[in-house]
Amino acid sequence: MLCDAIGNNNFSLVQAIDVCRSFFLGEHSHQALTNVSLEIKKHDFSAIAGPSGSGKSTLLNILGCLERPTSGDVMIEGVSTKELSIRQLSDFRAKKLGFVFQTFNLVPTLSSLENVEYPLLLLNINAKERKQRSEEALKKVGLEKFLKNHPSQLSGGQRQRVAIARAIVKKPLLVLADEPTANLDKKTANEILDLMQQLNLAEKIAFLFSSHDPLVLARANSVAYLTDGQRDESHREQYVA
Ligand SMILES: Nc1ncnc2c1ncn2[C@@H]1O[C@H](COP(=O)(O)OP(=O)(O)O)[C@@H](O)[C@H]1O
Ligand SMILES: [Mg+2]
C-alpha cells in the first residue's frame with residue numbers, strides 16, 4: 001500500500017518531475033511553472049524560494065496534491081499520481097499531509113481545540129480520541145492553556161501555533177507551509193521556526209516551506225530557487241541573511 005514502506009531516511013515522499021503548470025485566462029494562457037523537478041525526502045526541512053509571482057504557491061499546491069500539473073508528473077512515495085484515483089489522492093492528502101498558510105486559515109467560530117480536531121473528524125476518528133490527540137498536539141505547540149480560545153482571542157503567533165497543531169495532529173509525513181511567517185514579526189517568526197524545527201526533529205515530520213525571507217531560508221537544509229516558474233540557482237546569494 002502507498003503509505004507503508006517507510007524504512008530509511010532517503011525515502012522519497014513527494015517528487016515533482018518536469019512539472020509544468022499553465023493557467024488559462026480566456027484566450028490567454030500563463031505558464032506559472034516550467035519543467036520543475038524537485039524531490040522531498042523523509043525528514044527533510046527544506047524550502048522553495050523566489051520572488052512574488054515566481055510560482056512557489058503553485059508548486060507547493062502541486063506537491064501537496066491540491067492541484068494537478070498541466071504536464072509532467074508528481075510521485076508520492078514512489079508511485080505516479082497518474083496511476084491514482086482522485087479518491088486515493090485525497091486519502092493520501094488527508095492522512096499524510098499537513099498544510100500551514102500565511103494567513104493561518106483557522107475557522108473563526110471554532111475554538112483552538114475544535115480547529116485542531118477538524119481534520120480528525122474528516123478521518124472519522126471518534127470523539128474521545130479526537131479530543132485526546134488534539135489536546136496533545138496543542139500541548140506540543142505550547143498552547144495547552146488556550147484550548148477554549150477562539151482565533152480572535154489569540155495573537156498572530158498563537159494562531160499560527162494552532163494552525164501547526166492542526167497540521168501535525170494526524171501525524172503526517174510532510175507539512176507544506178506556504179510563507180508561514182510572512183504575517184509575523186521577526187521575533188515571533190523565529191519562535192515559529194524554532195517550533196517547526198523541533199517538530200521536524202522530535203516527531204520526524206518533514207517540512208517544506210515557501211518563502212522569500214532569508215531568515216527562513218537560512219534554517220532550511222536545502223532550498224530550491226525559482227525565477228519565473230523555473231529552477232534557477234543563480235539568485236542564491238540574493239537570499240543570504
Ligand atoms: N489560479 C490562478 N489563475 C491564474 N493565474 C494564476 C493562478 N495562480 C497563480 N497564478 C499565476 O501564476 C504565477 C505564479 O503564482 P504563485 O504560484 O502564486 O507565485 P508565488 O507563490 O511565488 O507568489 C503568477 O504569475 C500568478 O499570477
Ligand atoms: Mg505564494
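Residues numbered from 1 in each chain as written. Chains lettered and ligands numbered in written order. Predicted model: local features only at pLDDT ≥ 70, side-chain atom pairs only at ≥ 80, totals over all residues. Heavy atoms only, no water.

Draft legend 1. Main features of the environment of Ser85. With respect to the secondary-structure elements, Ser85 resides in the loop between strand E5 (79-80) and helix H2 (86-96). Through-space distance from the C-alpha of Ser85 to that of Arg219 is 36 Å; in sequence the pair is 134 residues apart. (Helix = DSSP H or I, 4+ residues; strand = E, 2+ residues; numbered from the N terminus.)

Draft legend 2. Summary view of the site of ligand 1. Surrounding ligand 1, one finds Phe23, Leu25, His30, Ala32, Pro51, Ser52, Gly53, Ser54, Gly55, Lys56, Ser57 and Thr58. In the environment of ligand 1, an oxygen atom lies 3.1 Å from a nitrogen or oxygen atom belonging to the side chain of His30. Note that an oxygen atom of ligand 1 is positioned 3.1 Å from one of the backbone N or O atoms of Gly55. In the complex, 62% of the free accessible area of ligand 1, which totals 560 Å², lies under the protein chains. At 3 residues, helix H1 (residues 56-63) tops the list of elements feeding residues into the shell around ligand 1. In the shell around ligand 1, the residues fall into 4 nonpolar, 7 polar and 1 charged. (Near = heavy atom within 4 Å. Polar contact = N/O pair within 3.5 Å; in protein donor to acceptor, adjacent residues only side chain to side chain. Areas by Shrake-Rupley, 256 points an atom, 1.4 Å probe, with all protein chains shown as cover. Nonpolar A, V, L, I, M, F, W, Y, C, P; charged D, E, K, R; others polar.)

Draft legend 3. Structural view of the sheet that holds strand E10 (residues 230-231). Strand order in the open sheet formed by 6 strands is E6-E7-E8-E3-E9-E10, and the pairing between neighbours is mixed. Edge positions in the open sheet fall to strand E6 (97-101) and E10, since each of these has one partner strand only. Contacts from H2 reach E6 and strand E7 (174-178) within the one sheet, and its direction differs from that of E6 by about 70°. Relative to the sheet, helix H6 (residues 186-202) contacts strand E3 (45-49) and strand E8 (206-211), its axis offset from that of E8 by approximately 150°. (Pairing = 2+ DSSP bridges. Contact = heavy atoms within 4.5 Å. Axes fitted to C-alpha atoms, helices over the stretch in contact; angles between N-to-C directions.)

Draft legend 4. Local environment of the pattern of salt bridges. Enumeration according to the criterion identifies 12 salt bridges in this entry. Taking the shortest distance from any N to any O, the salt bridge between Glu136 and Lys171 comes out at 3.9 Å. Residue Glu136 is found in helix H4 (residues 127-140), and its partner Lys171 is found in the loop between helix H5 (156-168) and E7; the two are separated by 35 residues along the sequence. Several salt bridges converge on common partners, so that one network encompasses Glu136, Lys140, Lys171 and Glu203. (Salt bridge = Lys/Arg side-chain N within 4 Å of Asp/Glu carboxyl O.)

Draft legend 5. Representation of the packing of aromatic side chains. In the structure shown here, the tally under the stated rule is 4 aromatic pairs. Taken together, a centroid distance of 6.4 Å and an interplanar angle of 10° make the contact between Phe99 and Phe101 stacked. You can call Phe101 partly exposed: its relative accessible area is 27%. Ring-pair connections join several aromatic residues into one group, and the members of that group are Phe45, Phe207 and Phe209. (Phe/Tyr/Trp six-rings, centres within 6.5 Å; stacked < 30°, edge-to-face > 60°. Buried < 20%, exposed > 50% of the residue type's maximum accessible area, 1.4 Å probe, protein only.)

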